[in-house]
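Structural features, examined
Each chain is listed here by its residues.
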Amino acid sequence: MLSIKNLHASVEGTPILKGINLEVKAGEVHAIMGPNGSGKSTLASVLAGREEYEVTEGEVSFKSKDLLDLSPEDRAREGVFLAFQYPVEIPGVSSTNFLRTAVNQVREYRGLEPLDAVKFLSLMKEKMKLVEIDQKLLSRSLNEGFSGGEKKRNEIFQMAMLEPTLSILDETDSGLDIDALRIVSNGVNQLKSDNNATIVVTHYQRLLDYIVPDFVHVLYNGKIVKSGTKELAMELEEKGYDWIKEEADKATV
Amino acid sequence: MTTITKDNITDSLLATVHPNGNSEAAQVIRENGFPTTKHEEYKFTNITKRIESKIQSFQQAKPLGLTQQDVSKAMIKDLDADVVVFNNGQFSAELSSLGEGYAVTNVTNSEAPFSIKDLYDDSYLALNKASFEKGVFIQVPKNKVLDKPVLLLNLVKANDGQLITPKLWIDCAENTEAVFIEQTVSQDEQAYLLNGSVEIKTASNSHIHYYRVQNQNNEALEVNNLLTDIHRDSTFTSFVLSLEGDMIRNNVTLNLLDSGCEGNMYGLYLLGGKTHVDNHTNVDHTKPHSESNELYKGVLADTSRGVFNGKIFVREDAQKTNAFQQNNNILLSDEATINTKPQLEIWADDVKCSHGCTTGQLDEEALFYLQARGIDKKQGKALLLYAFAGDVLEHLKIEAFKEYCIDLVQKKLGTNF
């Protein structure tokens, strides 16, 4: 589904990603871990098409299309979903209005009829249950005055509404208390199927107790320096990142 | 027809003064001439120079051979309104469809019903008063609540002359309520100078709204003066939506002459190309316990230019005044300009006054968020800009007119203007 080959990217001339290789197949959950500043969020942003990041080398194909060639909106319409680390507050735009525009633009791209108000509302009601989000929250301006947990739940709610094939969760767990974490993870798990895939970017092993990954990759200094199964995450939890850093630094010397 | 050079613009414009015209007004022009950028109130808006460069024929445009069909075509969709038609600036009783219970009369240049003091002795206002041909006087009698809004339709087109001079007086007696909507409909894209003025007097406890839309002709030059005397316990609300034009100057003056007055001024300008719109507002608090609210918002693209100047006077007697003013702008291009200036002059010592102005750019992070959800850039931009600007429209009273404005605004925001 997703194939990343030798991906290099930089911000304002500073290289951040220095040759990422990753294959993600339908039905899989990949966790990307790593110390702060290793390039985890950059990878997520590059995949979603954020303009500040310049891809200097390498390629990314998604469902056999050149992902890097697509605008951010077309990536979303093709089925890529980025749950933001810091969801943006947009005063004056109601969540409902925003989502209806988004869902219908995505449907139009996929050659489907737009949803009328009634169908849209019933879809919304059904998906709201997944993340236990309150209708009142959705009639307010998008993310405005939402608590951290509410913002993250809203991200997963949007994911449920847009039904992506590839979801990238960028530190969705950061700052969540255990109840919010449970609700968010539960939402993600219920959306998982054989036809879609998830990339979980996280700093904390704790999330992986709830969203169990098939593969764990450690990103350090812009490269994936170690890959394994969920046991690797346990090992990281126990020993920290220093041993990985040492190994990686030794290898480059 | 006079061909003018740089030196004789004042003479050329003065020559258009009506033979029976207001001599006091003509005197103002002779003394002051027409403003250049050296004039403090016209520092950023060199309309006199624009007139020099765009207007060749300094005489009043002749009335057009309009039919009822032209009027129907110019109507605002779904708006059920009485209609007062100005044919190239001149009141046309034949084309108007007036309502019951209030008077609409023709006014010739020698018989102005009243005159509201202009703090600035503006020469364009003076020119309007001295040179209009057929004005209109609307009188709303005591206790009358107009059941429909009054649509003031300016049907315009330059012909032998390029000057268009509509003139309107409105006198609202005690306990009246009325909404006036002014819409100019240009028949083509030729340049003209529309130099209009509206003077409104409200007796006590009346509730009057005056709305204006400027969305017609990108060659148009306009100077509009709206002056109001507002008496005890009355509310007056003005609104202007500016979308198209070459150069437009709007002066609004609210004189709150007694206690319990509420004056509201709202404006929205969405400008592209080379359009230049200048909103000068004045609110004068003279007695205790009055309130004014002002909200102007603008989005400026290309090389467009906006000017906002908001004066608030709070006189010594006007204790317990509440006065609020806000002007917010988004610039969409590096070449677009906004000059914004709040000016508060407060002599009373127990008042609440606040003002604020902001100028920013479109929030790129918010735009990316919308794109990341599948919303294309153009529509995402429109959504964000509407979220910024749309609240000004929330203050409009007539639903069909509000819908009309929302539609105009969304269409404009949906294009890459």
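Throughout this description, residue numbers start from 1 for each chain and increase along the sequence as written. Chain letters start at A and ligand numbers start at 1, both assigned in the order the entries are written. Only residues with pLDDT of 70 or above have their local features reported here, since the model is predicted, and side-chain atom pairs are shown and tallied only from 80 upward, although totals for entire chains, interfaces and linings are computed over all residues. Processing note: side-chain calculations cover all non-hydrogen atoms of the structure and skip hydrogens and water entirely.

**A closer look at the interface of chain B and chain A**
Here is the rule: Contacts were defined at the residue level, with two residues in contact if any of their heavy atoms lie within 4.5 Å. The term buried area means the drop in 1.4 Å probe accessible area that two parts suffer when joined, counted for both and summed. Here, a salt bridge means any side-chain nitrogen of Lys or Arg that lies within 4 Å of a carboxyl oxygen of Asp or Glu.
Residue-level contacts link 16 residues of chain B with 28 residues of chain A. Carbon and sulfur atoms supply 61% of the area buried between chain B and chain A, which totals about 1900 Å² over both sides. When the area that chain B buries against chain A is broken down by residue, the three leading residues are Phe-368, Tyr-369 and Arg-373 of chain B, summing to 39%. Linking chain B with chain A are four salt bridges.

**Thoughts on the sheet that holds strand E14 (residues 262–271) of chain B**
Residues and elements named next belong to chain B. Going by this rule: For two strands to be treated as a pair, DSSP must find at least two bridges joining them. Secondary structure elements follow DSSP: runs of H or I no shorter than four residues count as helices, runs of E no shorter than two count as strands, and numbering proceeds from the N terminus. Geometry is summarised by axes, namely lines fitted to C-alpha atoms with helices restricted to the contacting stretch, and by angles between N-to-C directions that run from 0 to 180 degrees.
Across the sheet, which stays open at both edges, the 10 strands sit in the order E2-E1-E5-E8-E10-E12-E14-E16-E18-E20 with mixed pairing between neighbours. In this open sheet, the two strands that pair with only one neighbour each are strand E2 (90–97) and strand E20 (352–360). Taken pair by pair, the neighbouring strands of this sheet meet at an average axis angle of 10°, ignoring direction. Contacts from helix H7 (residues 377–389) reach E14, strand E16 (291–300) and strand E18 (322–331) within the one sheet, and its direction differs from that of E16 by about 160°.

**Examining the packing of H7 of chain B against helix H8 (residues 399–414) of chain B**
Helix-helix packing: each pair is described by the crossing angle between the helix axes and the interaxial distance. All names here are of chain B. Worth spelling out the cut-off: Each angle is binned into one of four classes, with values under 35 degrees roughly parallel, values over 145 roughly antiparallel, values of 65 to 115 roughly perpendicular, and all other values oblique. We call a crossing left-handed when the near helix sits turned anticlockwise from the far one by less than a right angle, and right-handed when that turn is clockwise.
Where H7 meets H8, the closest approach of the two axes is 8 Å, and the angle between their N-to-C directions is 135°. When the interaxial angle is binned, H7 and H8 end up oblique. Crossing geometry of H7 relative to H8 is assigned as right-handed. Residues Lys-378, Ala-382, Leu-385 and Tyr-386 of H7 form the contact with H8, whose participating residues are Ile-406, Val-409, Gln-410, Leu-413 and Gly-414.

**Brief notes about the pairing of E2 of chain B**
Direction of pairing for strand E1 (residues 82–87) of chain B relative to E2 of chain B: antiparallel, over a ladder of four bridges. Residue pairing in the sheet places Phe-86 of chain B in a bridge with Phe-91 of chain B of E2 of chain B.

**Brief notes about helix H3 (residues 47–54) of chain B**
Put simply, the rule is: Categorising residues by exposure relies on relative accessible area from a 1.4 Å probe, with only protein chains included: less than 20% of the type maximum marks a residue as buried, more than 50% marks it as exposed, and the intermediate range marks it as partly exposed.
Every buried residue of H3 of chain B is listed here: Ile-47, Thr-48, Ile-51, Glu-52 and Lys-54 of chain B. Buried residues belonging to H3 of chain B abut helix H1 (9–14), helix H5 (123–131), strand E9 (193–202), strand E11 (221–230) and strand E13 (247–256) of chain B.

**Focus: the environment of Ala-180 of chain A**
Among the secondary structure elements, Ala-180 of chain A is positioned in helix H7 (residues 178–191). Note: C-alpha distance between Ala-180 of chain A and Lys-152 of chain A (28 residues apart in sequence) is 8.6 Å.

**Side note on the state of the cysteines**
Residues and elements named next belong to chain B. As a reminder, the rule being used: Note on disulfides: each one is a pair of cysteine sulfur atoms within 2.5 Å.
As enumerated under the stated definition, the model contains zero disulfides over all chains in all. Unpaired in this structure, Cys-172 has its nearest cysteine sulfur neighbour in Cys-261, at a distance of 14 Å. Residue class for Cys-172 comes out buried when judged on its relative accessible area of 0%. Classification of Cys-261 by relative accessible area gives buried; the value is 2%.

**Details of the packing of helix H3 (residues 95–109) of chain A against helix H6 (residues 148–162) of chain A**
All names here are of chain A. Stated precisely, the cut-off is as follows: Note that Gly is not counted as nonpolar here; it falls among the polar residues with everything else outside the nonpolar set of Ala, Val, Leu, Ile, Met, Phe, Trp, Tyr, Cys and Pro and the charged set of Asp, Glu, Lys and Arg.
Interhelical geometry of H3 versus H6 gives an angle of 35° and a closest axis separation of 10 Å. Of the two possible hands of crossing, H3 and H6 adopt the one that is right-handed. Of the residues in H6, those touching H3 at Ser-95, Phe-98, Leu-99, Ala-102, Val-103 and Val-106 are Asn-154, Phe-157, Gln-158, Met-161 and Leu-162. A class-by-class count of the residues in the contact of H3 with H6 yields eight nonpolar, three polar and no charged.

**Some words on the domain arrangement of chain B**
All names here are of chain B. Stated precisely, the cut-off is as follows: Domain start and end points were adopted from an automatic or database domain assignment. Pairing of N or O atoms within 3.5 Å defines a polar contact, subject to two protein rules: one partner must be a possible hydrogen donor and the other a possible acceptor, and residues neighboring in sequence count only if both atoms are side-chain atoms.
As assigned here, chain B comprises domain 1 (6–258) and domain 2 (364–417). Each partner contributes to the interface: domain 1 provides 17 residues, whereas domain 2 provides 13 residues. Interface of domain 1 and domain 2: buried area, both sides summed, is about 1200 Å²; carbon and sulfur atoms make up 78% of it. Interface area lost by domain 1 to domain 2 is led by Tyr-211, Phe-239 and Leu-243, which between them contribute 37%. At the junction of domain 1 and domain 2, the tally comes to one salt bridge. The partner of Lys-412 in a salt bridge is Glu-244, and the shortest N-O contact between them spans 3.3 Å. Across the domain 1-domain 2 interface, the total number found is four residue pairs in polar contact (both at pLDDT 80 or more). Elements that contribute at least two residues to the side of domain 1 that touches domain 2 include exactly strand E8 (177–186), strand E10 (207–214) and strand E12 (235–242). A total of four residues in the side of domain 1 that touches domain 2 trace back to one element, the largest contributor, which is E8. Classifying every residue of the side of domain 1 that touches domain 2 by side-chain character gives 10 nonpolar, three polar and four charged.

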